[in-house]
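Residues per chain are reported as follows:
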Amino acid sequence: MEKVKRILKPKPNPQLLLRDWQRRLRQECRNIERQIRDIQREEKVVQKSIKEAAKRDDMGSAKSLAKELVRSKRTVNRLYENKAQLNSISMHLGESVAIARTVGHLSKSAEVMELVNNLMKAPEVAITMQEFNKEMTKAGVIEEIVNDTVDSALDSEDIEDEIEEEVDKVLTELAGETAAQLPEAVRKEKLKQPAQSVGDAEDAEDEEDLEELRARLAKVRS
């Protein structure tokens, strides 16, 4: 019976599988590049808003925006890492197909398995890599990976101290003399506490602008 099934439904050609996988990997890389461009475009708007907040001595708003900027830059770095790993998968698959020409079938690749496992934890490509996991397992390139854990390190509390340090650097860099000229003790205190607005209407308007910027950054990061 199994022989009949194999005759009726032969295994896919390794080269055809490779071309299809590499095409989809390239598409995923283009998606990542587009997401990076979108994030960086929004970052420029945030940088301008940080400078404006610092000029009006609203260091509370400046800090809030700077934290979003730090998180966005971390997201961009992670996206670049994801893209590099996708390219590595494509390269290793090419090597696997070269070996398949000799042995007649695709062989397991520990390198591909490790890369797929890593990318299954990345929120931006997790769904796509779960599909690759199933297809490559079926083709015999990797063993089945069971991993439902998505990497949420970007929002983990254990990096808050590190983020605070980076926020301070961002404020000093972007706000320039406005932040640098403040006495150290005063500047740190202002970073901890939002500045008081002159009027309730102005305060509400600033908060709406902040929320809009946060929402836009969150959207392009997702």
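Residues numbered from 1 in each chain as written. Predicted model: local features only at pLDDT ≥ 70, side-chain atom pairs only at ≥ 80, totals over all residues. Heavy atoms only, no water.

### Concerning helix α4 (residues 110-119)
All of the buried residues in α4 are Val 112, Leu 115, Val 116 and Leu 119. Buried residues along α4 cover an arc of 100 degrees about the axis, so they all sit on one side. For α4, exposure combined with an orientation more than 90 degrees from the buried face picks out Ala 110 and Glu 114. (Buried < 20%, exposed > 50% of the residue type's maximum accessible area, 1.4 Å probe, protein only. Helix = DSSP H or I, 4+ residues; strand = E, 2+ residues; numbered from the N terminus. Arc of directions from axis to C-beta.)

### Some points on the UniProt feature "coiled-coil region" (unreviewed entry) in the chain
Per the UniProt record, the feature "coiled-coil region" (unreviewed entry) sits at residues 18-49. Taken end to end, residues 18-49 is 100% helix and 0% strand, and its first and last C-alpha atoms sit 47 Å apart. (UniProt positions renumbered as here; feature names shortened; annotations may be inferred.)

### Comments concerning helix α5 (residues 126-139)
Helix length check: α5 (14 residues) gives 20 Å between terminal C-alpha atoms against 20 Å at 1.5 Å per residue, within 8%. What α5 keeps buried is the set Ala 126, Thr 128, Met 129, Phe 132, Asn 133 and Met 136. Relative to the axis of α5, the buried residues are bounded by an arc of 145 degrees and lie together on one face. Opposite the buried face of α5, at more than 90 degrees from it, the exposed residues are Ile 127, Lys 134 and Lys 138. Of the residues trailing α5, Gly 140 is marked for its positive phi of about 85 degrees. (Expected span 1.5 Å × (residues − 1).)

### Let's talk about the pattern of salt bridges
Oppositely charged side chains can pair when the atoms bearing their charge come close. Considering all chains together, one arrives at eight salt bridges under this definition. The residue Asp 20 makes a salt bridge to Arg 23 at a minimum N-O spacing of 2.7 Å. Placement of the pair is Asp 20 and Arg 23 together in helix α2 (residues 14-55), with a separation of three residues, close to one helical turn. Take Arg 23: its relative accessible area is 44%, and that puts it in the partly exposed class. In this structure, Arg 24 and Glu 135 form a salt bridge, with 2.8 Å as the shortest nitrogen-oxygen distance. Separated by 111 residues along the polypeptide, Arg 24 in helix α2 and Glu 135 in helix α5 bring together distant segments of the chain. Looking at Arg 24, the relative accessible area reads 17%, which means it is buried. Residues joined in a network through salt bridges with shared partners are Asp 20, Arg 23, Arg 24 and Glu 135. (Salt bridge = Lys/Arg side-chain N within 4 Å of Asp/Glu carboxyl O.)

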